[in-house]
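Chain by chain, the residues:
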Amino acid sequence: MAAQNQNDKKTTSSEEVLSPNTPSSMNLSPIDLGQIEVLQILNEHGEVDKGLEPKLTDEILLNTYRAMVLGRAFDSRMMTMQRQGRMGTFAPNFGQEACIIGQVTSLTKDDWFAPSYRSFGAQIMRGWPLEHLMRLWAGFHDGFPPPKDVNDLPFSIVIGSHVLPAVGIGMGMNYKKKKDCVVVNYGDGASSQGAVSEALNFAAVYKAPVVFVCENNGWAISTPTKKQSANQTFAAHGIAHGIPCIRVDGNDILAMMCATKEATNRARNGEGPTLIEAITYRMSLHTTADDPTVYRNEDEVKVWEARCPIKRFETYLTNKGLLDISSIQKTHESCEEEVIVARDKFYGMDPADPTEIFDHLYESVPKELQLQREEYLRRLRDKGIDQ
Amino acid sequence: MSKLTMVEALNLAMDQEMARDKNVCLMGEDIGVNGGVFRTTKDLQKTHGEERVMDTPLAECGIVGTAVGMAVYGVRPVVEIQFSGFTMQAFDQIEQNMARLRNRTRGKYTVPMVLRTPYGGGIRAVEHHSESREAYWAHTPGLKVVVPSGPRNARALLAASIRDNDPVIFYEPKAVYRAFREEVPEEPETMELGKAEIVREGKDITLITYGAMMRPCKEAVLDLAEDHNIDVELIDLLTISPMDTETLAESVQKTGHCVIVNEGQRNCGVAAEIIARLNEAAFDCLEAPIKRITGFDVPFPYFQIEEHFLPESEEIVSAVKETLDWQ
């Protein structure tokens, strides 16, 4: 019908012929990457931009500070345990605490969080017991399911594979007319995955209540961002998909909290997705199986040591009169103690049950798997393993 | 009762399941206004609305991945991938999430979704439109793989798949879509997944097949009965995974002979798996080696020559006779 009408017209504009189902005006101006907003509230010296400083309660500020310190204490202890041979390969969060924790501070229990594997600071804040996370990284199946009442996806291992399901959860929220939202994080490396582009597109098309946090930490194992993408502004992926986007200093906890808060508000109000590119740095190893001295210059790491997210937040809270040397020390000590208690709990937990591998694949175990289970149990008996 | 094609029967199943459960939704390319490229979802958007019959962007991985998330959140998506050859784009999400999220979370999250897709040759389609790769999905732990063969079982199996709490790959034999009509009851009907059906009882030899290959097999069974006085037991597998080994083994224990027909490639295919299972479960009853007629281990040929690639009834007749004559 539309084509017929156009043929009837004497003068048909080229846009209408090219694209009959879009509005008649065609915007040919190029995308201006300079339009992407940049946010920093707390600079690397801990000085606050008074005009942007959020009004957060002392309790929230101190809880967030403690979560960052706890995240780092957990990180250090995990590293020790791994080097002692008592922990599996794991991905440290060291140096990214502001970025990781700041993205979940505005979430409620009904919201969802879909993390990549470098996210335990946020998982702790979402309610994962420390010993549960230790169990997970130590190779126990029962470490994977989120605790009761925690709406998180288990972290993804295949890079970027969780971003589409996270968008699907957001689409489910729209389907069920809920006012909740999803935060999903991924890295500069994952930005190269086709599935991540598809996820951004689906979220935009369906106005899914999703906050994408692209943690640009400079490195995907040994691949620097300059080899990852010709466009070093990962927030620009938002422009390409029609998603509002912002670049945030990912080592500035206040900026991360504010940007995420605004994005979750948009999501809850039915305004759709937001993309936050958080600029941070992977201070430590990719995983404990990695040796960064092979591929990166330690001078680069030193530059980022000066931008430590915890130190700058400590300076800010000290200047505000909320912390002093003694309370800083106490916080570090109590976090260390909490981690040690969790570690001992973890050491005291049951060994892995080898008999349960068939139990969770289907709602009920099909006949053929029942037979395989019997075969497997015979194998265990032959090896002298008690069941 | 009315006489429906498979396309109409599938449409009926989706329409009724959507009316029964408001969480059932449809997702796919061109399934809404257009009713799907095969018109399987014709008028369903008119009946159930745009929010429940979703025309998606053109990205198979995106469709499956977001459907997984919807399913985790308690929606029950029925996804259409236009042609089974295009499911390869979604392999990532099928393997990483659809199939294993329940297992990864030890049952905390389930993925109650169905991935419908037309498979197989015989409709003179362009390249990448005629694949039969059900063996991939049967090889993937966590999926159920269902293949109907006619309008009535297509309707009942699709309804059962939609109600199932596990993820189902629902392979629709597109050569059968409009090939014939069958009586399909108006009232909702389901069939248990994981059960093979003995379509015709016989005493001489067991013929196992599924999907579009049921038609040449049925022709062969008639020829064998009329011209050669051979009494074939014909089994329709219906569910590839989990496989109903018991029904297959019981039949072969009775007949002592077996021929398997599948359209997909031979190497590590469904026929190979059935032979291995029968070796374990019925070896001492076998009076001859089991024969298989399958697609060859080459990409599905372009349509000028596809009829030579697809197994036909004459070949099945010969294979049955050779198996019975073996000594």
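Residues numbered from 1 in each chain as written. Chains lettered and ligands numbered in written order. Predicted model: local features only at pLDDT ≥ 70, side-chain atom pairs only at ≥ 80, totals over all residues. Heavy atoms only, no water.

All names here are of chain B. The topology assignment puts Ala-196 in the loop between β8 (182-184) and β9 (197-200). With relative accessibility at 14%, the residue Ala-196 sits in the buried group. Distance in space between the C-alpha atoms of Ala-196 and Arg-292 is 18 Å, their sequence separation being 96 residues. (Helix = DSSP H or I, 4+ residues; strand = E, 2+ residues; numbered from the N terminus. Buried < 20%, exposed > 50% of the residue type's maximum accessible area, 1.4 Å probe, protein only.)

Residues and elements named next belong to chain B. Packing of helix α9 (residues 245-255) against helix α10 (residues 270-282) brings their axes to within 10 Å, and their N-to-C directions diverge by 65°. Our pair here, α9 against α10, has a crossing hand that is right-handed. Two secondary-structure elements touch here, α9 through Thr-245, Leu-248, Ala-249, Val-252 and Gln-253 and α10 through Ile-274, Arg-277, Leu-278, Ala-281 and Ala-282. Of the residues assigned to the contact of α9 with α10, the class counts are 7 nonpolar, 2 polar and 1 charged. (Axes fitted to C-alpha atoms, helices over the stretch in contact; angles between N-to-C directions. Left-handed = near helix turned anticlockwise from the far one by under 90°. Contact = heavy atoms within 4.5 Å. Nonpolar A, V, L, I, M, F, W, Y, C, P; charged D, E, K, R; others polar.)

Another point: the sheet that holds strand β11 (residues 232-236) of chain B. Residues and elements named next belong to chain B. Ordered by their spatial adjacency, 5 strands build an open sheet running β9-β11-β10-β13-β14, and the pairing between neighbours is mixed. A single partner strand is all that each edge strand has here, and the edge strands are β9 and β14 (291-295). Strand-to-strand twist of the sheet, defined as the mean angle between neighbouring strand axes without regard to direction, takes the value 25°. Strand direction decides the pairing type here: strand β10 (residues 205-209) and strand β13 (residues 258-265), joined by 3 bridges, are parallel. Bridge pairing in β13 places Ile-208 opposite Ile-260. Packed on one face of the sheet, helix α8 (residues 214-228) meets β9, β10, β11 and β13 and runs near 170° to β11. Where helix α12 (residues 313-325) meets the sheet, it contacts β10, β13 and β14, and its direction lies at approximately 160° from that of β14. (Pairing = 2+ DSSP bridges.)

At the junction of the two partners, chain A supplies 46 residues and chain B supplies 49 residues. Of the roughly 3,700 Å² buried at the junction of chain A and chain B (both faces included), carbon and sulfur atoms supply 59%. Of all residues in chain A, Tyr-175, His-360 and Tyr-362 of chain A bury the most surface against chain B, accounting for 20% of the area lost on that side. Connecting chain A to chain B are 4 salt bridges. Where Glu-51 of chain B meets Lys-177 of chain A, a salt bridge forms, and the shortest distance between an N and an O atom there is 2.8 Å. Going through the elements one at a time, α7 (163-175), α8 (194-205) and α15 (367-382) of chain A are the ones with two or more residues in the side of chain A that touches chain B. With 9 residues, α7 of chain A is the largest single contributor of residues to the side of chain A that touches chain B. Looking at the side of chain A that touches chain B residue by residue, the classes come out as 26 nonpolar, 8 polar and 12 charged. (Buried area = accessible area lost by both parts, 1.4 Å probe. Salt bridge = Lys/Arg side-chain N within 4 Å of Asp/Glu carboxyl O.)

Time to look at the pattern of salt bridges. One pass over the full model with this rule turns up 37 salt bridges over all chains. We note a salt bridge from Arg-247 of chain A to Glu-277 of chain A, for which the minimum N-O separation is 2.9 Å. Highlighted residues: Arg-247 of chain A in strand β7 (residues 245-249) and Glu-277 of chain A in strand β8 (residues 274-279), separated in sequence by 30 residues. The salt bridge involving Arg-20 of chain B is made with Glu-17 of chain B; its shortest N-O contact spans 2.7 Å. One end of the pair, Arg-20 of chain B, and the other, Glu-17 of chain B, are both in helix α1 (residues 6-20), 3 residues apart, so they sit about a helical turn from each other. Take Glu-17 of chain B: its relative accessible area is 2%, and that puts it in the buried class. Overlapping salt bridges, with partners in common, bring together Arg-102, Lys-144, Asp-164 and Asp-166 of chain B in one network.

Turning our eyes to something else, we now look at the confidence of the model for chain B. Mean pLDDT over chain B works out to 97, with 100% of the residues at or above the 70 mark. We note a pTM of 0.94 for the whole complex and an ipTM of 0.96 for its interfaces. (pLDDT = per-residue confidence, 0-100.)

Bringing helix α13 (residues 309-319) of chain A into the picture now. Residues and elements named next belong to chain A. Listed in full, the buried residues belonging to α13 are Pro-309, Ile-310, Arg-312, Phe-313, Glu-314, Tyr-316 and Leu-317. Check the buried side of α13 and you find it contacts α3 (58-83), α4 (97-102), β7, α11 (253-268) and α14 (325-347). Remark: Gly-321 follows α13 within two positions and exhibits a positive phi of approximately 85°.

Residue Ser-241 of chain B is joined to Pro-242 of chain B through a cis peptide bond whose omega torsion reads 0°. Tracing the backbone through its elements, the reader meets Pro-242 of chain B in the loop between β12 (239-241) and α9. Located in the positive-phi region is Ile-221 of chain A, a residue other than glycine, with phi close to 45°. Relative to the helices and strands, Ile-221 of chain A resides in the loop between β5 (219-220) and β6 (223-224). Look at Asp-43 of chain B: it is not a glycine, yet its phi comes out positive at around 70°. Position of Asp-43 of chain B relative to the elements: it lies in the loop between β2 (24-28) and α2 (44-48). Its relative accessible area of 35% is what places Asp-43 of chain B among the partly exposed residues.

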